[in-house]
Amino acid sequence: MDGVTQKRIAFGGIEVTVPPPWHDITDEVEVDNAPYTLADSEGVGALQFSIALYEGGAVPDPSQEKLRDMALKFGEDRNLGDPFEESLFTHEALRGAGMNYQWGDDFIRVWYVSDGRSFAFVTYCCEWEHQRREVSLCEDIVKSLRFVPR
């Protein structure tokens, strides 16, 4: 996202940085209790966020490996087969793990991220043939995630 005008979008106790064509389409998702959803108005996929904010008790402080295990379990629980192109990252206070899966004719990228206290589960889904078009940008959006006090 370097060199591109960016904007911050806040929802559900987090903020992310996105390029201008990306916007909140949560109200357009036709399911009950839709997760927070962002998309590019000219894009091919959707980026969805499920957020668990720390409210007290023992601080979870998950390692990158624990987040990786959570991403693996997501795929196992849904019979998505073997993941590919997995990654671990740290970016400022954020740590995360991401994995790619193929589900029928769809490409799915999942991330589990945490600041040591709160968690976000993020998915990106598009048609298999478009998998390379937005996933790198989505990775940047996920790494820009910040948990904000309510």
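Scroll up for the structure.
Where do I start with the overall build of the protein chain in this structure?
Along the backbone of the protein chain there are two helices and ten strands. Taken from N to C terminus, the helices and strands of the protein chain fall in the order β-β-β-β-β-α-β-β-β-β-α-β. With the C-alpha coordinates aligned to their principal axes, the bounding extent of the protein chain is approximately 40 × 35 × 35 Å. Within the protein chain, contacts between residues separated by at least 24 positions form 51% of all contacts whose residues are at least 6 apart in sequence.

Hey, could you run me through the sheet that holds strand S8 (residues 106-114) in this one?
Sheet architecture is open: seven strands sit in the order S3-S4-S5-S9-S8-S7-S6, paired in antiparallel fashion. Each edge of the sheet is formed by a strand with only one pairing partner; in this case those strands are strand S3 (22-24) and strand S6 (84-91). Pairwise comparison of adjacent strand axes, ignoring direction, gives a mean angle of 20° for this sheet. Looking at chain direction, strand S7 (residues 94-103) and S8 are connected through nine bridges and run antiparallel.

Help me out: how do you make sense of the layout of surface pockets in this one?
The method is simple in principle: a probe with the dimensions of a water molecule rolls over the atoms, and the space it marks as empty is what remains. Put simply, the largest pocket is a space of about 200 Å³. Considering the residues around the largest pocket, the lining is formed by Pro35, Ala46, Gln48, Phe49, Ser50, Phe74, Ile108, Phe121, Thr123, Tyr124 and Cys125. Of all elements in the fold, only strand S5 (45-52) and strand S9 (119-127) reach the threshold of two or more residues within the lining of the largest pocket.

I'm lost on the pairing of strand S1 (residues 7-11) in this one. Help?
Remark: a regular strand shows side chains that alternate across the two faces of the sheet. Here S1 runs beside strand S2 (residues 14-18); their pairing, made up of five bridges, is antiparallel. What sits directly across from Lys7, in S2, is Val18.

Looking at this model, I keep getting lost on the environment of Asn79. Mind explaining?
Mapped onto the elements of the fold, Asn79 is located in the loop between helix H1 (64-77) and S6. Along the backbone, Asn79 and Trp103 are 24 residues apart, and their C-alpha atoms lie at a distance of 8.8 Å.

Quick question: what am I supposed to make of the pattern of salt bridges here?
Working definition: two side chains of opposite charge can pair if their charged atoms are close together. Inspection of every chain in the model, using the stated rule, returns seven salt bridges. Here Glu15 ties to Arg8 by a salt bridge, and the two come within 3.2 Å at their closest N and O atoms. Judged by its relative accessible area of 40%, Arg8 is partly exposed. When the shortest N-O distance is used, the salt bridge between Glu139 and Arg109 registers 2.9 Å. Of the two residues, Glu139 is situated in helix H2 (residues 131-143) and Arg109 in strand S8; the sequence distance between them amounts to 30 residues. Glu139 sits in the buried class, given a relative accessible area of 12%. Taking the relative accessible area as the measure of exposure, Arg109 reaches 4% and is therefore buried.

So, how was this worked out
- Residues numbered from 1 in each chain as written.
- Predicted model: local features only at pLDDT ≥ 70, side-chain atom pairs only at ≥ 80, totals over all residues.
- Heavy atoms only, no water.
- Helix = DSSP H or I, 4+ residues; strand = E, 2+ residues; numbered from the N terminus.
- Contact = heavy atoms within 4.5 Å.
- Pairing = 2+ DSSP bridges.
- Axes fitted to C-alpha atoms, helices over the stretch in contact; angles between N-to-C directions.
- 1 Å grid on protein atoms, 1.4 Å probe; cavity = no way out; pocket = protein on both sides within 12 Å on 5 of 7 lines; lining within 4 Å.
- Points joined across faces, edges and corners; volume = space filled by probe spheres on them.
- Salt bridge = Lys/Arg side-chain N within 4 Å of Asp/Glu carboxyl O.
- Buried < 20%, exposed > 50% of the residue type's maximum accessible area, 1.4 Å probe, protein only.

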